[in-house]
Amino acid sequence: MGAITRAETGIGVSNSRHRYLHPLLETMSRDELEALQLERLRDSVRNAYDHVPTHRVRMAATGIHADDLRTLDDVKRLPFSVKSDLRDHYPFGMFARPCNQLARLHASSGTTGKPTVVGYTQQDIDTWADLMARSLVAAGARPGDVVHNAYGYGLFTGGLGAHYGAERLGAVVVPMSGGSTERQVTLIMDFGARVLCATPSYALAIAEVAEAQGVDLRKSALQVGLFGAEPWSEAMRREIELRLGLKAVDIYGLSEIMGPGVACECECRNGLHGWEDHFLFEVIDPESGSVLPDGEAGELVITTLTKQALPMLRYRTRDITRLTRAACDCGRSHVRLLRITGRDDDMLIIRGVNVYPSQIEAVLIGRHAIAPHYQIVVQRQGSLDEVSVEVEAQPGVPPESFAQIAHDVAHHIKSLVGISTDVVVKLPGAIPRSQGKAVRVRDLRPKQA
Ligand code: DLL
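Conventions used here
Residues numbered from 1 in each chain as written. Predicted model: local features only at pLDDT ≥ 70, side-chain atom pairs only at ≥ 80, totals over all residues. Heavy atoms only, no water. Near = heavy atom within 4 Å. Polar contact = N/O pair within 3.5 Å; in protein donor to acceptor, adjacent residues only side chain to side chain. Areas by Shrake-Rupley, 256 points an atom, 1.4 Å probe, with all protein chains shown as cover. Helix = DSSP H or I, 4+ residues; strand = E, 2+ residues; numbered from the N terminus. Pairing = 2+ DSSP bridges. Buried < 20%, exposed > 50% of the residue type's maximum accessible area, 1.4 Å probe, protein only. Right-handed = clockwise from strand over helix to strand, strands pointing away. 1 Å grid on protein atoms, 1.4 Å probe; cavity = no way out; pocket = protein on both sides within 12 Å on 5 of 7 lines; lining within 4 Å. Points joined across faces, edges and corners; volume = space filled by probe spheres on them. Nonpolar A, V, L, I, M, F, W, Y, C, P; charged D, E, K, R; others polar.

## Remarks on the site of the ligand
(1) Moving on: Inspection of the region around the ligand gives 20 residues, with Asp 250, Ile 251, Ser 255, Asp 319 and Lys 437 positioned closest.
(2) Moving on: Ser 255 is positioned with one of its side-chain polar atoms (N or O) 2.6 Å from an oxygen atom of the ligand.
(3) Moving on: Within the side chain of Lys 437, an N or O atom sits 2.8 Å from an oxygen atom of the ligand.
(4) Moving on: Surface burial for the ligand is 94%, taken as the share of its 610 Å² of free accessible area covered by protein chains.
(5) Moving on: For the shell around the ligand, the secondary-structure elements that each account for two or more residues are helix 5 (157–169) and strand 7 (247–254).

As structure tokens, this is what we get:
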């Protein structure tokens with residue numbers, strides 16, 4: 001398969017109806033898309049089989065080979081891959097290319113054990129830049145825009161992924177990374193950034209610092225924000241839009257598959273288009289592993305179709321979403337992932353009720369007495385899990401009213417999410433601010449052996 005060319009990304013390709021869409025790649029019919037996917041799937045499976053012993057052994061055990069893939073449905077016959085495959089074969093054991101043929105390595109620190117290392121050939125980097133450029137365009141960015149990139153640079157894929165994509169788009173990138181928040185505000189204003197790339201929690205931290213500096217970001221040139229790398233709610237979207245005066249768009253990705261730009265909302269903001277010419281998306285029942293029909297919530301599974309260095313077959317992301325292939329008003333035909341509610345390993349089971357932190361967030365954000373910063377603390381009392389929710393009073397709210405606020409918030413969590421929580425209202429500034437992915441849950445339960 002040849003590298004996707006700059007022209008193929010659709011950047012600058014004129015089409016009377018959808019000026020910034022590639023007429024072929026983003027709007028092709030489902031039949032055309034699926035034919036392309038099948039051809040690429042076979043190549044990708046061959047690449048994995050020929051070059052990665054773990055894939056070869058697993059495929060041999062199930063008796064399936066690339067040539068047996070006659071329809072896309074046959075993907076179901078392939079074995080799953082999981083994150084621990086990367087850790088177990090640390091650092092390069094899942095790579096399909098020797099290290100000296102790679103152009104880049106990224107890694108995630110991981111809370112336990114070895115980091116997860118991912119590798120890219122130059123062609124992989126080019127594809128990533130194209131898909132990130134495509135995502136930026138879908139979100140509303142245009143060539144010539146100043147893109148303020150506050151995703152962390154370094155081993156995290158957010159910074160460099162957005163950077164290369166913005167350059168590919170023909171935008172002017174400000175490689176800011178996370179941190180130095182006061183300076184972020186100054187440069188957003190002074191350089192006239194039209195596009196902001198950040199985690200949603202850090203976007204709010206920037207808004208807060210701007211307000212404290214007496215700067216009104218709603219009067220800045222900002223118009224579009226691409227926010228992702230962590231789960232966030234519609235309530236958070238409204239809050240960000242209100243405070244920053246821009247259109248907030250959800251972008252998804254993960255380093256094991258590529259980095260940011262695996263899927264991104266278009267300006268319709270009705271689900272994230274998963275770029276199906278490079279990835280195959282399935283949703284499975286996390287318990288049984290069986291594929292669920294479109295519309296049903298389950299674990300997202302992704303197969304890479306064009307990755308050279310790190311082909312991933314049926315990678316279990318642990319992210320919970322739903323798929324829809326219904327037509328989108330933007331004209332793009334690619335599948336949509338509905339908002340990723342969280343990871344199944346972040347799901348809390350509180351007295352039998354399954355809860356994602358983003359559900360609690362949806363209740364907290366936008367309440368006038370409390371700031372949009374929170375942490376959920378989980379503890380074990382006897383055999384039961386107890387949840388307390390730490391929130392922060394807005395500046396100027398009198399401490400005498402904290403008890404009443406806590407009572408009201410707990411009541412709303414109970415009625416909307418269905419769990420009893422102990423809400424603790426803290427003084428302004430008491431909840432740690434994120435510069436990247438926010439820590440939403442402090443799990444103080446004893447670790448299972
Ligand atoms: O977070 C890549 C990225 C960077 C995506 C910048 C978007 C923007 P990882 O560090 O490998 O890669 O973390 C991937 O983050 O499996 C999800 O659990 C979560 N995640 C990423 N985007 C979203 C999103 C980057 N839009 C993990 N909504 C994924 C919810 C998200 N969760």
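## Quick look at the sheet that holds strand 11 (residues 298–304)
(1) Moving on: Across the sheet, which stays open at both edges, the four strands sit in the order 10-11-12-15 with antiparallel pairing between neighbours. A strand with exactly one partner marks an edge of an open sheet, and here the two such strands are strand 10 (279–284) and strand 15 (342–343).
(2) Moving on: When strand 11 meets strand 12 (residues 315–321), the two strands line up antiparallel, connected through four bridges. Considered in strand 12, the bridge of Val 301 is made with Arg 316.

## Observations regarding the pairing of strand 3 (residues 146–149)
(1) Moving on: Along strand 3, one buried face is formed by Val 146 and His 148 and the opposite face, lined by Val 147 and Asn 149, is buried too.
(2) Moving on: The pairing of strand 3 with strand 4 (residues 172–175) spans four bridges and is classified as parallel. Directly across from Asn 149, in strand 4, lies its bridge partner Pro 175.
(3) Moving on: In the classification by handedness, the crossover that spans strand 3, the intervening helix 5 and the parallel strand 4 is right-handed.
(4) Moving on: Note: strand 3 against strand 5 (residues 195–198), three bridges, orientation parallel. Within strand 5, the position partnered with Val 147 by the bridge is Val 195.

## Some details on the pairing of strand 10
(1) Moving on: Burial analysis of strand 10 places six of its six residues in the buried class, which makes it a mostly covered element.
(2) Moving on: Residues of strand 10 alternate between two faces, with Phe 279, Phe 281 and Val 283 on one and Leu 280, Glu 282 and Ile 284 on the opposite face, all of them buried.
(3) Moving on: In the sheet, strand 10 pairs with strand 11 via six bridges, with the strands oriented antiparallel. Each bridged residue has a counterpart across the sheet, and for Glu 282 the counterpart in strand 11 is Val 301.

## Digging into empty space enclosed by the protein
(1) Moving on: This structure, assessed with the given rule, holds one cavity of 30 Å³ or more.
(2) Moving on: Together, Asp 124, Thr 127, Trp 128, Leu 131, Met 258, Phe 279, Thr 306 and Lys 307 line the largest cavity.
(3) Moving on: Of the residues forming the lining of the largest cavity, the biggest block, four residues, is contributed by helix 4 (residues 122–139).
(4) Moving on: Of the residues contributing to the lining of the largest cavity, the split by class is four nonpolar, two polar and two charged.

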